[in-house]
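# Structural features, examined
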Amino acid sequence: MTSTVRGTQLARLLGQWHSLPGRHRSPDYVALAAAVRGLLSDGRLPLGVRLPAERELAESLAVSRTTVSAAYRTLRESGHLTSRRGAGSWTTLPNGHRVATSGLWAAGDDRDVIDLGVAAHRAPDELLGAAQAAVNEDLPRYLGSAGYHPTGLVELRDAVAAGYTARGVATSAEQILITAGTQQALDLVLRLSVPAGSPVLVEAPTYPNALAALSARRARIATHGLDTATGWDAEMLLGALRQGRPRCAYVIPEFHNPTGHLMDAGLRERLVATAHAAGTELIVDESFVDLQLDGDEMPPPVAVFDRHSRVVSIGGMSKAYWGGLRIGWVRASAPLVQRLAAIRVGVDMASPVLEQLVGVRLLEQSERIVAARRTELRTRRDVLIDALREHLPEWTFTVPGGGVMLWCELDGPISSALARAAEDVDVRLAPGPRFGLDGTLERFLRLPFTLPEGTLVEAVKRIASVRYDLDRGIRPSWRSPAVIA
Ligand SMILES: Cc1ncc(COP(=O)(O)O)c(C=O)c1O
């Protein structure tokens, strides 16, 4: 799936390219080439897209064609552009540089390390009580049966469906499939919808384990670059759907991982309509939907706008409750749920009965548990922000109105080097490139605010100390790479 960026689109992405810092010393073509390189390394301009013809871009930027020609030549020389006569020019990275996305990316188990690689929290206080009640009062009802329920226990499916209905999209239990976490929900949907080699559109940056699931299905991944400050660029996103006509698009509209952005209702509606016209199935990951921290009303679920069964929503209990429960779900049409369940039988048969019963018990107390989670996250977010402003004042970020993470723009392309150096002070970080496809995003770092306040402050102090060492050229002693699992 090769898509083309139009002149007007690239001009908008480039913004104030002619007034970049240091600009007064360099000619126009050098500044233009540098600005395109900047977009590429931030992941806002995907790799493998066709840039506009020189004449078209010259018109959109109101510069001479010679300037654009020279900028494209510079980009070719630095390995950021490949051109073929008559066919156009595509964005690339020097030396075919790529970062594999198949690496494991989950919680570490070294208790002495401050783990900021994982955006997840400890279990809520209510969990033990819920588990005891589930064992004593609910489980006995199931012990006389075989215990295999490939679509999930009806009482949990009912509770999840009721949650959707309360959010404004009428849903019945038949439309819910219970899975082992949101991750399995995604995997099952991809197994059904993405034959090997199919084009799939994802956001850049995005959730690394979604990239891993897509790689496992051998999808051909194309990206839509999110702006760090403003989020989705509606025209670029919808244009990518219209042009690329991908089989699926995977989006995280609520407090996006890792940028924290919330998609507005208008774009949700247009996204569904455009996906329908393009023949694209939308996979909507609602992992963080419960975790609004500021503001009044949430936009409606994307599925509200779905009149043609184009939207499959996935979600789970990991973020507002506990990841260790491994409870997730798919919301889709009832026939699709049956087809997914048939696939699921070939994977793991069914979810454990006891965990589902615990899930039901927790959902019964959702109001209290989620409210406490939000209060805790709000405090932790603000403490993390204060610590960053004090110890790393050059770093910038947009304060997210929900979710569990800050997406920091660093003071240089140092994210991976910083993550390696931070290991020496026992802090585990998820550097920017983990959230992209191709080694870009080195100027970004995701910092979750799920750990206790004191731990967050300590982590920021340690990160600041190694950041300072990087500047002074003190090389961290390299360890053999740890498996981030
Ligand atoms: C966007 C997104 N989707 C899916 C998952 C996986 O969630 P689960 O633990 O429910 O499988 C995560 C976890 O971080 C996530 O951030």
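Each value, and the rule that gives it
- Residues numbered from 1 in each chain as written.
- Predicted model: local features only at pLDDT ≥ 70, side-chain atom pairs only at ≥ 80, totals over all residues.
- Heavy atoms only, no water.
- Helix = DSSP H or I, 4+ residues; strand = E, 2+ residues; numbered from the N terminus.
- Rg over C-alpha atoms; globule rule 2.2 N^0.38 Å.
- Buried < 20%, exposed > 50% of the residue type's maximum accessible area, 1.4 Å probe, protein only.
- Areas by Shrake-Rupley, 256 points an atom, 1.4 Å probe, with all protein chains shown as cover.
- Near = heavy atom within 4 Å.
- Polar contact = N/O pair within 3.5 Å; in protein donor to acceptor, adjacent residues only side chain to side chain.
- Nonpolar A, V, L, I, M, F, W, Y, C, P; charged D, E, K, R; others polar.
- Pairing = 2+ DSSP bridges.
- Phe/Tyr/Trp six-rings, centres within 6.5 Å; stacked < 30°, edge-to-face > 60°.
- Domains from an automatic or database assignment.
- Contact = heavy atoms within 4.5 Å.
- Buried area = accessible area lost by both parts, 1.4 Å probe.
- Salt bridge = Lys/Arg side-chain N within 4 Å of Asp/Glu carboxyl O.

For the protein chain, the count of helices and strands is 15 helices and 14 strands. Against the globule reference of 23 Å for 485 residues, the protein chain gives a C-alpha radius of gyration of 23 Å, in line with a compact fold. C-alpha extents for the protein chain along the principal axes are approximately 80 × 50 × 45 Å. Each of the 485 residues in the protein chain was classed as buried or not, and the buried ones make up 54%. About 20700 Å² of surface is accessible on the protein chain, with carbon and sulfur atoms providing 51% of the total.

Before going further, it helps to examine the site of the ligand. In the vicinity of the ligand there are 13 residues, among which Thr182, Asn257, Asp285, Ser318 and Lys319 approach most closely. Here an oxygen atom of the ligand sits 2.8 Å away from a polar atom, N or O, in the main chain of Thr182. Asn257 has a polar side-chain atom sitting 2.8 Å from an oxygen atom of the ligand. Computed on the free molecule, the ligand has an accessible area of 400 Å², of which 91% lies beneath the protein chains in the complex. In terms of residue count, the dominant contributor to the shell around the ligand is helix H7 (residues 181–193) (three residues). Looking at the shell around the ligand, its residues break down into four nonpolar, six polar and three charged.

Pairing between the strands of a sheet comes from backbone hydrogen bonds, and it takes one of two forms, parallel or antiparallel. Spatially, S11-S14-S13 is the arrangement adopted by the three strands of the open sheet, whose pairing is antiparallel. Among the strands making up the open sheet, the edge pair consists of strand S11 (405–409) and strand S13 (430–431). The sheet contact formed by S11 and strand S14 (residues 444–448) spans five bridges and is antiparallel. Bridge pairing in S14 links Glu409 to Phe444.

Our focus in this paragraph is the packing of aromatic side chains. Going through the model one piece at a time under the given rule, you end up with two aromatic pairs. Ring centres 5.7 Å apart and planes at 75° place the aromatic pair Trp407 and Phe435 in the edge-to-face group. In this pair, Trp407 is assigned in strand S11 and Phe435 in the loop between S13 and S14, connecting sequence segments 28 residues apart. Phe435 shares its class with Trp407; the two are buried. Ring geometry for Trp407 versus Phe444: centroids 5.3 Å apart, planes at 0°, classification stacked. On the criterion of sequence distance, the pair formed by Trp407 in strand S11 and Phe444 in strand S14 is long-range, its members being 37 residues apart. Here the aromatic residues Trp407, Phe435 and Phe444 are joined through ring pairs into a cluster of three or more.

Glancing now at the domain arrangement of the protein chain. Along its sequence, the protein chain is organised into domain 1 (7–96), domain 2 (114–120 + 368–471) and domain 3 (126–364). Here the C-alpha centre of domain 2 lies 31 Å away from the C-alpha centre of domain 1. Counting residues at the interface gives six residues for domain 1, matched by six residues for domain 2. For the domain 1 and domain 2 pair, buried surface summed over both sides reaches about 450 Å², with 50% attributable to carbon and sulfur atoms. Three residues, Ser41, Asp42 and Leu47, lead the burial of domain 1 against domain 2; their summed loss comes to 72% of the area buried on that side. Linking domain 1 to domain 2 there are zero salt bridges. Between domain 1 and domain 2 we count zero residue pairs in polar contact (both at pLDDT 80 or more) in total. In terms of residue class, the side of domain 1 that touches domain 2 is made up of three nonpolar, two polar and one charged.

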